[in-house]
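Given next are the chains, with one letter for each unit.
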Amino acid sequence: MRIAFFGGTFDPPHLGHLGLARAAQQTLALDTVLFAPVAQQPLKPSGSSASFEDRVAMTQLAIAGQPNFELSLADAPNPAIPSNYTADTLTRLRQSLPTDTDLYLLLGADSLRTLAQWHRAAEIPFLANLIVAARPGEDLSDISTHLPAGIAIQLTQPNRYRLANAQGQQSQLTLLLDTHYEISATQLRNSIRRNPSTQPALIPEPVLEYIHHHHLYE
Ligand code: ATP
């Protein structure tokens, strides 16, 4: 099985999220992309505007009927853990999957840019292969500058790299360069706040109905 973990705030989920997940699924022949709304992003301390429950409901609506996409509650609020760190989530996820599962982590280019600041950053590429999707305004011309220290990177095929560390661990990084989604959840929330009856074309219709019905972001 080839499974990608796709964590995010999904506040709200939009067509950019769906587009890059589909690009990853097709490029790497993934069996499943797990959409995992995060309780609280460690690097977004101001938090999200919609509750975790609303973001889960919207994510479920966004992926309904989409083959190979599933909701994951791996990053749900958990009083037993101090924060939702991706390294911890991937470690738990790995333990819950058969040992021959190929696990991937799907990220937008802006997330890769901050990766070195994440908790246990140097371990993350060896807990899951990385898939990095291009995002307008983000420079992916030299990805080595975005990797945590101590990781060697070597191009193996166009847009595919081998990563290695001093402990002899190896992993793979795949770039998706055809994802050009000029969409951000922040802009979408702002546009709904300015005009609650707005119909942003970049949000899946059932998600938009949910937002209007629950008066989110107003
Ligand atoms: P915000 O604008 O509030 O930061 P966001 O959509 O970037 O919202 P998340 O919902 O946390 O934030 O995104 C989940 C993942 O999807 C992240 O890895 C992010 O980099 C990626 N992503 C989101 N939008 C895009 C986009 N337009 N192009 C490429 N990647 C994206």
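One can find the structure itself at the top, above this paragraph.
All values reported here derive from a predicted model rather than from experimental measurement. (Residues numbered from 1 in each chain as written. Predicted model: local features only at pLDDT ≥ 70, side-chain atom pairs only at ≥ 80, totals over all residues. Heavy atoms only, no water.)

Peer 1: Requested: an account of helix α3 (residues 86-96), with residues and values cited.
Peer 2: Where α3 is concerned, the buried positions are Thr86, Ala87, Thr89, Leu90 and Leu93. One side of α3 carries all its buried residues, which in axial view fall inside an arc of 160°. Along α3, exposed side chains directed more than 90 degrees from the buried face belong to Gln95 and Ser96. Close packing links the buried residues of α3 with β1 (2-8), β2 (32-37), β4 (102-108) and α5 (124-127). (Buried < 20%, exposed > 50% of the residue type's maximum accessible area, 1.4 Å probe, protein only. Helix = DSSP H or I, 4+ residues; strand = E, 2+ residues; numbered from the N terminus. Arc of directions from axis to C-beta. Contact = heavy atoms within 4.5 Å.)

Peer 1: Can you tell me about the packing of aromatic side chains, naming the residues and giving the values?
Peer 2: This model, assessed by the stated rule, comprises four aromatic pairs. Between Phe6 and Phe10, the aromatic rings sit 5.3 Å apart at their centres with planes inclined by 80°, giving edge-to-face as the arrangement. Of the two residues examined, Phe6 and Phe10, each falls in the buried class. Judged by centre distance (5.2 Å) and plane angle (70°), the ring pair of Phe6 and Phe35 falls under edge-to-face. Of the two residues, Phe6 sits in strand β1 while Phe35 sits in strand β2, which places them 29 residues apart along the sequence. (Phe/Tyr/Trp six-rings, centres within 6.5 Å; stacked < 30°, edge-to-face > 60°.)

Peer 1: Break down the site of the ligand for me, with residues and values.
Peer 2: Residues in contact with the ligand amount to 22 residues; listed here are only the nearest, Asp110, Ser111, Arg135, Tyr181 and Thr186. Here an oxygen atom of the ligand and a backbone polar atom of Thr9 are 2.9 Å apart. One nitrogen or oxygen atom from the side chain of His14 is found 3.2 Å from an oxygen atom belonging to the ligand. If you list the elements that add at least two residues to the shell around the ligand, you get β1, α1 (15-27), β4, α4 (109-114) and α6 (185-194). Of the residues belonging to the shell around the ligand, the class tally is eight nonpolar, 10 polar and four charged. (Near = heavy atom within 4 Å. Polar contact = N/O pair within 3.5 Å; in protein donor to acceptor, adjacent residues only side chain to side chain. Nonpolar A, V, L, I, M, F, W, Y, C, P; charged D, E, K, R; others polar.)

Peer 1: If you had to explain the sheet that holds β2 to someone new, which residues and values would you point to?
Peer 2: Taken in spatial order, the eight strands line up as β3-β2-β1-β4-β5-β8-β7-β6 in an open sheet, and their pairing is mixed. Looking along the sheet, the strands with just one partner apiece sit at the ends: β3 (69-71) and β6 (152-157). Between one strand axis and the next, the sheet turns by 25° as a mean value, whatever way the strands run. Where β1 and β4 come together, four bridges link them in parallel fashion. Within the sheet, the bridge partner assigned to Phe5 lies in β4 and is Leu105. (Pairing = 2+ DSSP bridges. Axes fitted to C-alpha atoms, helices over the stretch in contact; angles between N-to-C directions.)

Peer 1: Summarise the side chain of Arg22; cite the residues concerned and give the values.
Peer 2: Relative to the helices and strands, Arg22 resides in helix α1. Of the side chains with opposite charge, Asp31 lies nearest to the buried Arg22, which makes no salt bridge, at 11 Å. A polar contact of 3.0 Å, which involves the side chain of Arg22, links it to the backbone oxygen of Pro67. Dropping the residues within four chain positions of it, Arg22 is found in contact with Gln66, Pro67, Asn68 and Phe69. (Lys, Arg positive; Asp, Glu negative; His and termini not counted. Salt bridge = Lys/Arg side-chain N within 4 Å of Asp/Glu carboxyl O.)

Peer 1: Quick rundown of the pairing of β6? Include the residues and the values.
Peer 2: Relative to strand β7 (residues 160-164), β6 is paired through five bridges, and the arrangement is antiparallel. Following the sheet pairing, Leu155 is matched in β7 by Tyr161. Hairpin connection from β6 to β7: two residues lie between these consecutive antiparallel strands, with Asn159 at a positive phi of about 65°.

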